[in-house]
Structures are given as C-alpha cells and as structure tokens.
Amino acid sequence: MKKNHIAIPIILILIAVYLILSRMHLISHVPFFPILFTVIFAYTAIRGFLRLHFFEAFLSLALIGCINDKLLGIEAITPVTLIFACCLIGIALDMLFRNSRKTDDQYTSYAGTTHMENGADGDFVNVDNSFGSISKYVNSDSLREAQIKNSFGECNVYFNNASLGGSEATIRVENTFGQTRIYLPSTWFVTTRQNTAFGNIHFQGRGNTSEDAPHINLILDASFGEIQVIFE
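Here goes a summary of the coordinates provided. (Residues numbered from 1 in each chain as written. Predicted model: local features only at pLDDT ≥ 70, side-chain atom pairs only at ≥ 80, totals over all residues. Heavy atoms only, no water.)

**Notes on the nonpolar core**
Across soluble globular proteins, nonpolar side chains have a tendency to be buried as a group. Counting 27 residues, the largest nonpolar core has Ile148, Phe159, Ile171, Ile182, Leu184, Trp188 and Leu218 as its most contacted members. Looking at this core, the elements with two or more residues in it are strand 3 (124-130), strand 5 (145-151), strand 6 (154-158), strand 7 (168-176), strand 8 (179-184), strand 11 (215-223) and strand 12 (226-231). The residues contacting Leu218, other than those within four sequence positions of it, are Ile171, Ile182, Leu184, Val190, Thr191, Thr192, Arg193, Phe203 and Val229. (Core = buried A, V, L, I, M, F, W, Y, C linked by side-chain atoms within 4.5 Å. Buried < 20%, exposed > 50% of the residue type's maximum accessible area, 1.4 Å probe, protein only. Helix = DSSP H or I, 4+ residues; strand = E, 2+ residues; numbered from the N terminus. Contact = heavy atoms within 4.5 Å.)

**Side note on the state of the cysteines**
Using the criterion set out here, one finds zero disulfides in the structure. You can see Cys86 has no disulfide; the closest cysteine sulfur is in Cys87, sitting 7.3 Å from it. By relative accessible area, Cys86 is classed as buried at 10%. (Disulfide = S-S within 2.5 Å.)

**What to know about unusual backbone geometry**
Of note, the amide linkage connecting Thr78 to Pro79 takes the cis form, showing an omega dihedral of -5°. Relative to the helices and strands, Pro79 is located in the loop between helix 4 (69-72) and helix 5 (80-100). Positive phi outside glycine occurs at Phe177, with the angle close to 50°. Mapped onto the elements, Phe177 comes out in the loop between strand 7 and strand 8. Residue Phe177 is classed as partly exposed on the basis of its relative accessible area of 28%.

**Notes on the packing of aromatic side chains**
The final tally for this structure, using the stated rule, is six aromatic pairs. Arranged with centres 6.3 Å apart and planes meeting at 25°, the rings of Phe37 and Phe41 form a pair that is stacked. You can see Phe37 and its partner Phe41 sitting in helix 2 (residues 32-50), four residues apart, about one turn around the helix. Judged by relative accessible area, Phe37 falls into the partly exposed class, the value being 35%. On the basis of relative accessibility, which here comes to 11%, the residue Phe41 falls in the buried class. A centroid spacing of 4.4 Å and a plane angle of 10° characterise the contact between Tyr158 and Tyr183, whose relative ring orientation is stacked. A residue pair is termed long-range when its members are at least 10 positions apart, and Tyr158 in strand 6 and Tyr183 in strand 8 qualify at 25 residues. We classify Tyr183 as buried; its relative accessible area is 12%. (Phe/Tyr/Trp six-rings, centres within 6.5 Å; stacked < 30°, edge-to-face > 60°.)

**Here's the deal with the pattern of salt bridges**
Overall, the coordinates contain three salt bridges when judged by the stated rule. With a shortest N-O distance of 3.0 Å, Asp121 and Lys136 are connected by a salt bridge. Highlighted residues: Asp121 in the loop between strand 2 (114-117) and strand 3 and Lys136 in strand 4 (residues 133-137), separated in sequence by 15 residues. Grouping residues by exposure puts Asp121 and Lys136 together as buried. The partner of Arg172 in a salt bridge is Glu145, with the nearest N and O atoms 3.3 Å apart. Within this pair, whereas Arg172 is found in strand 7, its partner Glu145 is found in strand 5, the two being separated by 27 residues in sequence. Since its relative accessible area comes to 26%, Glu145 is described here as partly exposed. (Salt bridge = Lys/Arg side-chain N within 4 Å of Asp/Glu carboxyl O.)

**Describing the side chain of His53**
With respect to the secondary-structure elements, His53 resides in the loop between helix 2 and helix 3 (54-67). Classification of His53 by relative accessible area gives buried; the value is 1%. Only 3.0 Å separates the side chain of His53 from the side chain of Ser151, close enough to count as a polar contact. (Polar contact = N/O pair within 3.5 Å; in protein donor to acceptor, adjacent residues only side chain to side chain.)

What follows is the structure, encoded as structure tokens:
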C-alpha cells in the first residue's frame, strides 16, 4: 500500500484508541471534535509541505490555529486575520516554487482571473490555477506528460486534440478546495491511481477497453474538492 492510503486509516485508529482510553479514564479527556479536526488538518499540512503544495499546508496550519486559539493564546488574530495571512503566504510560496519549476509549456491563473489557452503544446504541459478559472485546450502531437494543479478555483483541461508521443503518457491531477474537470478521448485506454483526502473523484463515460489503444496513466489526487474525468 502507498503511504497516502495508509495515513488516514492510521489516523482513524489513533482516534478510536483515544476515545476508548479517555472513556476508561486512562488519559485526560479532551473534547473529541477539536482533537479530530486537529489531527486531520495536521495530516493535510504535512502532506502539503511534502508535496511543496504550500497553500494547502498553510491553510491547514491556519485552521489548526483557529481550533486551538485559546490553547495557543492567539485569539486576537483568529479567525480572519490568521486565515488570510496564511493564505497569502501559501499563495506566494506556491507562485515562487512553481516559477522555479517551469519547463516547456506552463499555463497559470491566479486570484480571481479567468484564463483560456488554446496554443500549440509540446510533450509536457503544466497547468496551475489558484483562486481563478482556467480552460486549457491541449494541442500536442507528442504528449508524454501533463501536470494539472488547481487550488480554490475551477480548472477545465481538454485533451480531445492531443496525440501521444509514444505508446503511453502520464496525466497527474492535484485538486485542493476546488473543481477540476479533464476531458479525455474515449479512444484512449486509461489506468488510474486515486488518492482522496476528504475529496471526491467522479468518472463520466468510459475509455477504450483494448490494451493496444494509446495508454494513459492517470494519477488523481483530490483534497477537499472534486475531480471529474469525462470521456468524449
């Protein structure tokens, strides 16, 4: 099993153990829901830092601070100031690190903008969207990899006019507190790997069932949002 699939079951087991021990008065009793959500957001914060997805990480830290503001003595800055400040830091670090990782074709939308791209693409396509709306039409004759990241926005990526550069390609989708839709040709044979942390992944239609068809490795990661995969 992969680490992401192990983490949430471990968290649930630890919470169950805590509930039993607290009811048996073997440990101090602490209100259940603050503990539950602190553990959940600690997990998403660590996960965000490990993936260099700073908006997710700092927003999670802000929510932990809001839940435990009395314990931490930070009531003066919760909730609005702390959440707003952490969102700004997360967006800024995401922009800095995304810019440093630019390769080939990258399309970015931030902070409430609406953006549409329909130009020629190479073998690698990178789409980033934060607090905005973006539609990207992939026009590539040699697609090998696509990376799509969406945070608190709406992202639509169309692969209908794309052809693969070899026998297979990889499409990675990371969605956090937003909605991402990807449109794939029904002639493609698609294998998926999914990870959800309080998010949803939905499929509409189906791809080719022949393994001789162009092969897509689809890696989907949804946190507090939704990914839709639509075959056309």
